[in-house]
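Each chain is listed here by its residues.
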Amino acid sequence: MDFASLHELLRSTYDEMMPLCAQMTGIAKGIAGLGALFYIALRVWASIARAEAIDVFPLLRPFVLGFCIMFFPTVVLGTMNAVLSPVVQGTEMMVHQQEGNLAELTAKRDKLQEEAYLRNPETAYLVSNEKFDEKIEEMGIIGPEDAVTIAGSMYAERAAYQTKQWIMKMVHDLLELLFHAAGLIIDTLRTFILIVLAILGPIVFGIAVWDGLAGSLTAWFSRYISVYLWLPVSSILTALLTKIQVLMIEKDIEALSDPNYLPDSGTWYYIVFFLIGIVGYFCVPTVAGWIIEAGGGIGSYGRNVNQTAQRGAQGAYTGGKYVAGGAGAAIGNVGGRIKGALLKGK
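For every chain, the first residue of the written sequence is number 1, and numbering continues from 1 along that sequence. With the structure being a predicted model, the display of local features is reserved for residues of pLDDT at least 70 and the display and counting of side-chain atom pairs for 80 or more, all residues being used for whole-chain, interface and lining totals. No hydrogens and no water enter the side-chain calculation; it runs on all heavy atoms of the structure.

Would you explain the overall build of the protein chain in this entry?
Helices and strands together make up the secondary structure of the protein chain, namely 13 helices and 0 strands. Helix and strand assignments come from DSSP, with helices taken as H or I runs of at least 4 residues and strands as E runs of at least 2, each series counted from the N terminus. Along the protein chain, helices and strands appear, N-terminal first, in the series α-α-α-α-α-α-α-α-α-α-α-α-α. Relative accessibility decides the category of a residue: with a 1.4 Å probe and only protein chains considered, values under 20% of the type maximum give buried, values over 50% give exposed, and everything between is partly exposed. Taking all 346 residues of the protein chain together, 34% fall into the buried category. Across the protein chain, the fraction of contacts at a sequence separation of at least 24, relative to all contacts at a separation of at least 6, is 82%. Working rule for contacts: check all heavy atoms of both residues, and any pair within 4.5 Å makes them a contact.

Below, the structure written as structure tokens:
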């Protein structure tokens, strides 16, 4: 399965879905226009009421956001993708370079390992049919019973060796498939989130014109950049694991270069790196969130609102106690005076 073509398909899907954000500009213009009316009117009337000069510079903010909404695909998305795409391309070049080195060294390691098996008379028959036949001839089989016993034992050893190699290759291929599938899942989720943020981006810019909702613009930028960096972070993880495998294979090649070295057929430690990669892929969103804070201004805005509400509730509770105490004292005072007047009247 060619996973590279699937990743390219996701990128082409993202490029084809980008023009759809232009359909949201009409709605965003209406939201931004109404917000700009209240935004400018409030500040102009406040300056007039305070008999102050009108500061024009803050009033330009709605016009800048409106300009971004009208040319959202080219001005906003085009600029951000042009700035961030070199990061993706740079990390992918790292991966391709390491994978090329890994393929060359793996082929060299396998060839040296086969030669090492052939050098050893006790293991040569496991990998070569000619060596297997020669070893049977060297044993000098006398009768049919000896032939069945000796040849059967050799066939069993060779079958056990081939079965072990087959199982290891099957496990290796399965984990490699899961490793690439995990990367494809991350890339698919990344593409989906980026498409949603891009299509609804004009709406966010329109909402950001309104007072109290300006933090949504910061949150949108931070989340877009954070999600966009998922692919570079996953590429760095792949390059790291590939580099470690390259170093391990280089160590094996150095050991196999020794004529007296007897190779071990178990290479399970290469399979462990696929498990590490599968787990590491699902940590990519967390790591990308460390690069840029994805909470944005809207998170602090909500936190401030909650803190203000709590302070207001506390103040209301304290004030209510004082009011209740004052009301009780006043009622008691009035009641006492009425009671005193009635006693005097008697």
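Hey, could you run me through the nonpolar core in this one?
If you look at soluble globular proteins, the nonpolar side chains tend to sit buried side by side. Formed by 56 residues in total, the largest nonpolar core has its most connected members in F72, V76, L77, F205, W220, Y224 and Y281. Ranked by residue count, the leading element in this core is helix 10 (residues 230–256), at 10 residues. Excluding residues within four positions of it along the chain, V76 makes contact with C68, F71, F205 and W220. Nonpolar core, defined: a set of buried Ala, Val, Leu, Ile, Met, Phe, Trp, Tyr and Cys residues in which side-chain atoms within 4.5 Å join the residues together.

Looking at this model, I keep getting lost on the packing of aromatic side chains. Mind explaining?
Working definition: rings of Phe, Tyr and Trp (its six-membered ring) pair if their centres are within 6.5 Å, and the pair is stacked with planes under 30 degrees apart, edge-to-face with planes over 60 apart, and tilted otherwise. By the definition in use, this model includes 11 aromatic pairs. Measuring from centroid to centroid gives 5.2 Å for W220 and F221, while their planes differ by 85 degrees, and the two rings are edge-to-face. The exposure class of W220 is buried, given its relative accessible area of 3%. By relative accessible area, F221 is classed as partly exposed at 28%. Think of it as a cone above the ring: NZ of Lys or CZ of Arg counts as a charge over the ring if it is within 6 Å of the ring centre and within 35 degrees of the ring normal. We note R43 situated over the ring of Y39; from NZ or CZ to the ring centre the distance is 3.7 Å. Between R190 and the ring centre of Y228, over which it is positioned, the NZ or CZ distance is 4.7 Å.

How do you make sense of a nonpolar patch on the surface when you look at a structure like this?
Any residue with relative accessible area above 30% and no salt bridge may belong to a patch, with like charges joined within 9 Å and the nonpolar Val, Leu, Ile, Met, Phe, Trp and Tyr side chains within 5 Å. We get accessible surface area from the Shrake-Rupley algorithm with a probe of 1.4 Å; when it comes to residues, only the shown protein chains can shield them. Note on definitions: salt bridges are taken to be side-chain nitrogens of Lys or Arg within 4 Å of carboxyl oxygens of Asp or Glu. On the surface, a cluster of nonpolar side chains totalling about 900 Å² of accessible area is made up of W45, I48, I54, V56, F57, L60, F63 and V64. Of all the secondary-structure elements, those providing two or more residues to the nonpolar patch are helix 2 (25–49) and helix 3 (61–70). Position of W45 among the secondary structure elements: in helix 2. Overall, the relative accessible area of 61% leaves W45 in the exposed class.

Is there a simple way to explain the confidence of the model for the protein chain in this structure?
The predicted coordinates ought not to be read in detail in places where the model reports low pLDDT. Confidence scores labelled pLDDT are given residue by residue by the predictor and lie between 0 and 100. Residues of the protein chain with pLDDT of at least 70 account for 68%, and the chain-wide mean is 75. Between the elements of the protein chain, mean pLDDT differs from a low of 43, seen in helix 13 (residues 296–345), to a high of 92, seen in helix 8 (residues 201–207). Note that residues 296–336 has pLDDT below 50 and, in this model, 11 contacts with residues that lie over four places away or in other chains. Here residues 338–346 scores under 50 on pLDDT; set against residues more than four positions off or in separate chains, the count is 0 contacts.

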